[in-house]
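Architecture at a glance
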Amino acid sequence: MHLLVVEDDRKLGRLLRRMLEDDRHVVELATDGKSGLEIALDAQGIEAMILDLGLPDMSGLEVAREVREAGSELPILVLTARDTVGDRVTGLDAGADDYLVKPFAYQELAARLRALSRRSSSGLKRPGPRLISGPIALDESTRRVMVDGLAVDLTPREFALLECLLRHPGQVMSRDQLLDQAWPYGVTVTLNAVDAYVHYLRDKLGAAGGHIETVRGVGYRMAAS
């Protein structure tokens, strides 16, 4: 699944992202409510949101309400330290689909996500590629990349790097941002690794690799379609 985690505890957020990515999920991470709300409403392909209630700028309840008021049916799994019946009812009434009290076991979180995916009216079988830039098409559900209709075989890291760039068309992504989003948490790599993998990726994409533009001294961006 393509998941959005909204958690202001950076250590917990990174831990969740690492465990979810180890479970073959694609994870976006936001550390405040406003950023989480923006991603939830604007990003392509988000299939579920894991939402902490105790956020610094706007509460998770407000985020859930605004997501629902915008007409989104995005499944929302709330994480909170509040465990009274009243708190759970309030969260569910705000638009949450499920409720998990901290501390929790990752196995339970994974099981609840599987249940959400089964119940989700949006489903996981939407046809066609999710992310497109010119001749490049990436399908998250099948983890396939096509260039001009022909399959391109990418390593998991190349796939993650391309997905990150496609998710932010026209936006300059620094090497630090790409390392943070395309490499598993806790893996020690240098900024030069980004340059090396961009080179590998361009080679495999052929002429379409030119859509990955170098922004000297900053990083890279995917040309907007």
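It should be emphasised that the depicted structure is a prediction, and the values quoted were computed from it without experimental measurement.

**Quick notes on the sheet that holds strand β11 (residues 212-215)**
Strands sit in the order β10-β12-β11 across an open sheet of 3 strands; the sheet is antiparallel. The open sheet has two edge strands, β10 (173-174) and β11, and neither has a second partner. Pairing analysis gives 2 bridges linking β10 to strand β12 (residues 219-222), with the strands arranged antiparallel. Pairing of Met173 across the sheet is with Tyr220, part of β12.

**Re the packing of helix α7 (residues 175-182) against helix α8 (residues 191-205)**
Running from amino to carboxyl end, α7 crosses α8 at an angle of 80°, the nearest separation of the two axes being 9 Å. It follows from the interaxial angle that α7 and α8 lie roughly perpendicular. Residues Arg175, Asp176, Leu178 and Leu179 of α7 lie in contact with α8, whose contacting residues are Leu191, Val194 and Asp195. Considered class by class, the residues forming the contact of α7 with α8 number 4 nonpolar, no polar and 3 charged.

**Brief notes about the nonpolar core**
By size, the foremost hydrophobic cluster in this structure holds 28 residues, and its most contacted members are Val145, Leu162 and Leu205. Residue assignment for this core shows that the elements contributing at least two residues are β7 (136-139), β8 (144-147), α6 (156-166), α7, α8 and β12. Each residue touching Val145, except ones within four places of it in the same chain, is listed here: Ile136, Ala137, Leu138, Leu150, Ala151, Val152, Leu154, Phe159, Leu162 and Leu205.

**Section: helix α1 (residues 10-22)**
Helix length check: α1 (13 residues) gives 18 Å between terminal C-alpha atoms against 18 Å at 1.5 Å per residue, within 8%. Listing the buried residues of α1 in full gives Leu12, Gly13, Leu16, Arg17 and Leu20. Taken around the axis of α1, the buried residues stretch over an arc of 135°, which confines them to a single face. Opposite the buried face of α1, by more than 90 degrees, sit the exposed residues Arg10, Lys11 and Asp22. Between the side-chain oxygen at the start of α1 and the backbone nitrogen of Lys11 there is a gap of 3.1 Å, and the oxygen is on Asp9. At the C-terminal side of α1, Arg24 shows a positive phi close to 75°.

**What to know about the environment of Glu66**
Inspection of the secondary structure assignment puts Glu66 in helix α3 (residues 60-69). Along the chain, Glu66 and Leu37 lie 29 residues apart, while their C-alpha atoms are 7.7 Å from each other. Those residues in contact with Glu66 that lie beyond four places of it in its chain are Leu37 and Met58.

**Some details on the packing of α6 against α8**
Look at α6 against α8: their axes get within 10 Å of each other, and the N-to-C directions meet at 90°. Taken together, the axes of α6 and α8 are roughly perpendicular relative to one another. Note on element contacts: α8 touches α6 through Tyr197, Val198, Tyr200, Leu201, Lys204 and Leu205, opposite Arg157, Glu158, Leu161 and Leu162. A breakdown of the residues in the contact of α6 with α8 according to their chemical character gives 7 nonpolar, no polar and 3 charged.

**Concerning the pairing of strand β3 (residues 48-52)**
Across the 5 residues of β3, 5 count as buried, placing the element largely inside the fold. Alternating positions in β3 separate into two faces, Ala48, Ile50 and Asp52 on one and Met49 and Leu51 on the other, with burial throughout. Of the strand pairs in this sheet, strand β1 (residues 2-6) and β3 are connected by 4 bridges, and their pairing is parallel. Within β3, the residue paired with Leu4 across the bridge is Met49. Bridging between β3 and strand β4 (residues 76-80) involves 4 bridges; their strand directions are parallel. If you follow Ile50 over to β4, its bridge partner there is Leu77.

Thresholds applied
Residues numbered from 1 in each chain as written. Predicted model: local features only at pLDDT ≥ 70, side-chain atom pairs only at ≥ 80, totals over all residues. Heavy atoms only, no water. Pairing = 2+ DSSP bridges. Helix = DSSP H or I, 4+ residues; strand = E, 2+ residues; numbered from the N terminus. Axes fitted to C-alpha atoms, helices over the stretch in contact; angles between N-to-C directions. Parallel < 35°, antiparallel > 145°, perpendicular 65-115°, else oblique. Contact = heavy atoms within 4.5 Å. Nonpolar A, V, L, I, M, F, W, Y, C, P; charged D, E, K, R; others polar. Core = buried A, V, L, I, M, F, W, Y, C linked by side-chain atoms within 4.5 Å. Buried < 20%, exposed > 50% of the residue type's maximum accessible area, 1.4 Å probe, protein only. Expected span 1.5 Å × (residues − 1). Arc of directions from axis to C-beta. Polar contact = N/O pair within 3.5 Å; in protein donor to acceptor, adjacent residues only side chain to side chain.

Read these as geometric descriptors, not functional statements.
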